[in-house]
Structures are given as C-alpha cells and as structure tokens.
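Each chain, letter by letter, is given below.
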Amino acid sequence: MWKWLHPYAKSEKSYALSGKLMPWFLVTAVITFVVGMVWGLAFAPADYQQGDSFRIIYIHVPAAMMAMAAYSTMAIAAFIALVWQIRLAEMTVAATAPIGAVYTFIALFTGAAWGKPMWGAWWVWDARLTSELILLFVYLGIIALYNAFSDKVLAGRAASILTLVGVINLPIIHFSVVWWNTLHQGATITKFDKPSMDTAMLYPLLIMIISFAAFLGFMSLYRFRNEILHRESHRPWVISLVQQSSTQINKRG
Amino acid sequence: MAFSSFSEFLAMGGYGFYVWLAYGVSLLSVIFLIIDTVYRRKKIFNQVEQRLQREQRIKAAENKKGTL
C-alpha cells in the first residue's frame, strides 16, 4: 500500500521532487506577500487603540507562528530520523533550522519595535518573550551542533536529539500567555473561539501567514537540496549534475 | 485606503520609525537567508567541479609518467 512512497527515501528522487515543488511554493509566497503587504500596510484600517503601529502584526504574527511550525516539522523529522534511521529526515532537520532561526529573530525584533511605542519598553523579561528567546537559542544550538561535526551522520543524529529535547519549549511558548501574567496579549487566532479581530484586519493577516508558510516551504526545499548535494557529492548522479551545469555555463560564456 | 497621501503613509500615524524599522530589519534578515542559501548551492557545485578537475589532472599526470 505504501510502496509508492519507498523510492522517495532515495535522495536522488527526493532531490528531483523537491525541485518540482519549489516553483509552486515560490509563486504562492510572492503573490500572497504582495497582496498581504499592500492590503495590510495601506488598506487595512488603523487600530482604535494602537493606531498604525498595529501594522507590525502582519510580519510579527506570521513569523512567530511559522517559527513554531518550522520547529514542529523539525521535531517530527528528528523523530523519524532517530527511530527509522532515515538520513533524509536528518537533512530536513538541518535544512529547516536556519529558516526557523531567522523567523524567530524576526518575531523577536518586530516584537521589540512594537513593544517600545505600546508598552514603553523594547524588552521585558516576560514569559512569552523569554520563552521565544529560548527558542532562538535552541535553534542556534541545533545549527551549531550540526556544524560542529565533520561526520554528517553523527552531526545529524546529535542535532535530531537536541531538536527532540527542545520540543518541550513549544507548549511553553504557546501557553505562556495563559499560564503567567504577561504584558503580551493572549491568542487572537489560534484558539477555539472565533478570532477576536475584525475581518478587515484579519484577512491580510491570514494571507501573510500563508506567505510566510509558503516561503518556509520554498526555503526548506532549497536548503534540503543543498544538504543532499553536500552529503552525496561523491555519488555519480551529483557529479553528472555538476558536469551538466558547468557545460551550460561554458556554452553561455 | 487608510491613508490620504504618500507622506501620511510613510508617517504611519506617528509610528513610522517603529513600523519601518520592524519591516526593514525583517526584510534584511530574509534577504540574508536567501543569499546564504543560494551561495551554499554555488559553493557545493564549485567544490565538486574543482575535485573533478583535480582528479583529471592527476590522471593526466599518471598517463604521462607511464610514457616515459
């Protein structure tokens, strides 16, 4: 029943499939980015309390959400890598970590730039902010650990273990605004109730979330392909790929 | 439209500095990520190509030795 899936455990097949999927993710990301940005920055009405400063939400929330989504993806991949010893899953962990780190940084930085005019401080040691900062450190730790080993089999296993250990931080981040009294506001979208936001503001936000998700997909596939090429650089199919691209460059020159 | 002029759009109701700081730094970090990703791919291709050329040179040198 699952036999059709087996060839994709081969890196060459996965490389080709990722290459086919990449343009779709990129097109989705670019279109939703343009629509979401124009709508959010110029057409959505100003907030009755926060004025136009609330427009930071259109990158702050998507970045924070997708930073956690990226981590969940890595955790699932890390579990698969450790249990079934699938090397491609290890590569997924290594490929996604830098994107998650950049998203987390964006969430933290835009939060600071939003907090300064609204709370009067760039930073407070509050539960949500602190747990998000820990997420950034966990990401950096995973990246550093993966790069610390020249033996990539060992590196992949170590990074996968650290990824699984760091999962404990995800529920802490999500529920930090419930469990502790924090300056940060509670959930607006990710709750069982109706979103507590007007549709005129909510739609561009949802579009931006799709954009960040699609860009995360595009970038992970790109970096996943890089990981495959790097690890398999001695295999014949990679060598013929390199030879093809170099003859193309020579023809153009 | 929430703004009546372009300068009003830039001012963001007095929050211009914070809004554009957030957007600017986010854009820069994403551009940094893209450059790093594309650069890595190029680097891998170059490394493989250099290795292939070196292997060819070694082979050519060995053939020469054989003729002496």
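Summary of the structure given here. Keep in mind the model is a prediction, meaning the values are calculated, not measured. (Residues numbered from 1 in each chain as written. Chains lettered and ligands numbered in written order. Predicted model: local features only at pLDDT ≥ 70, side-chain atom pairs only at ≥ 80, totals over all residues. Heavy atoms only, no water.)

Right, let's get into the overall build of chain B. Of the regular secondary structure elements, chain B holds two helices and zero strands. Overall, the C-alpha framework of chain B stretches about 85 × 20 × 15 Å when taken along its three principal axes. Residue burial in chain B is summarised as follows: out of 68 residues, 28% are buried. By element, 62% of the accessible surface of chain B is carried by carbon and sulfur atoms, the whole surface being about 5000 Å². Charge centroids of chain B, computed over 10 positive and 5 negative side chains, lie 12 Å from each other. (Helix = DSSP H or I, 4+ residues; strand = E, 2+ residues; numbered from the N terminus. Buried < 20%, exposed > 50% of the residue type's maximum accessible area, 1.4 Å probe, protein only. Areas by Shrake-Rupley, 256 points an atom, 1.4 Å probe, with all protein chains shown as cover. Lys, Arg positive; Asp, Glu negative; His and termini not counted. Charge placed at Lys NZ, Arg CZ, Asp CG, Glu CD.)

A separate point is the side chain of Glu90 of chain A. All names here are of chain A. Mapped onto the elements, Glu90 comes out in helix H3 (residues 87-119). Residue Glu90 is classed as buried on the basis of its relative accessible area, which comes to 7%. Among the polar contacts listed, one links the side chain of Glu90 to the side chain of Arg231, at a separation of 3.4 Å. Ignoring anything within four residues of it in the chain, the contact list for Glu90 reads Ala81, Lys152, Val153, Gly156, Arg157, Ser160 and Arg231. (Polar contact = N/O pair within 3.5 Å; in protein donor to acceptor, adjacent residues only side chain to side chain. Contact = heavy atoms within 4.5 Å.)

This part covers the packing of aromatic side chains. Applying the stated rule across the entire model yields 17 aromatic pairs over all chains. Judged by centre distance (5.9 Å) and plane angle (75°), the ring pair of Trp179 of chain A and Trp180 of chain A falls under edge-to-face. Look at Phe9 of chain B and Trp20 of chain B: their rings are 5.5 Å apart centre to centre, the planes differ by 65°, and that puts the pair in the edge-to-face class. With Phe9 of chain B in helix H1 (residues 6-11) and Trp20 of chain B in helix H2 (residues 16-67), this pair connects stretches of sequence that are 11 residues apart. Of the residues examined, Phe9 of chain B reaches a relative accessible area of 17% and is grouped as buried. Residue Trp20 of chain B is classed as partly exposed on the basis of its relative accessible area of 28%. Taken together, the aromatic side chains of Phe3, Phe6, Phe9, Trp20 and Tyr23 of chain B make up a single cluster linked through ring pairs. In this arrangement the basic side chain of Lys152 of chain A is found over the ring face of Tyr146 of chain A, its NZ or CZ atom lying 4.5 Å from the centre. (Phe/Tyr/Trp six-rings, centres within 6.5 Å; stacked < 30°, edge-to-face > 60°. Lys NZ or Arg CZ within 6 Å of the ring centre and 35° of its normal.)

Below, the discussion takes up the pattern of salt bridges. All names here are of chain A. Per the counting criterion, the structure on display carries seven salt bridges over all chains. For the salt bridge of Glu90 with Arg231, the shortest nitrogen-to-oxygen distance reads 3.4 Å. A residue pair is termed long-range when its members are at least 10 positions apart, and Glu90 in helix H3 and Arg231 in helix H7 (residues 199-231) qualify at 141 residues. For the pair Glu90 and Arg231, a shared accessibility class is recorded, and that class is buried. What emerges from the salt-bridge pattern is a single network uniting Arg87, Glu232 and Arg235. (Salt bridge = Lys/Arg side-chain N within 4 Å of Asp/Glu carboxyl O.)

This part takes up the environment of Tyr222 of chain A. For Tyr222 of chain A, the position within the fold is in helix H7. Remark: the alpha-carbon pair of Tyr222 of chain A and Thr96 of chain A, spanning 126 residues in sequence, is separated by 9.8 Å. Those residues within four positions of Tyr222 of chain A in sequence are excluded, and the remaining contacts are Met22 of chain A together with Thr37, Val38 and Arg41 of chain B.

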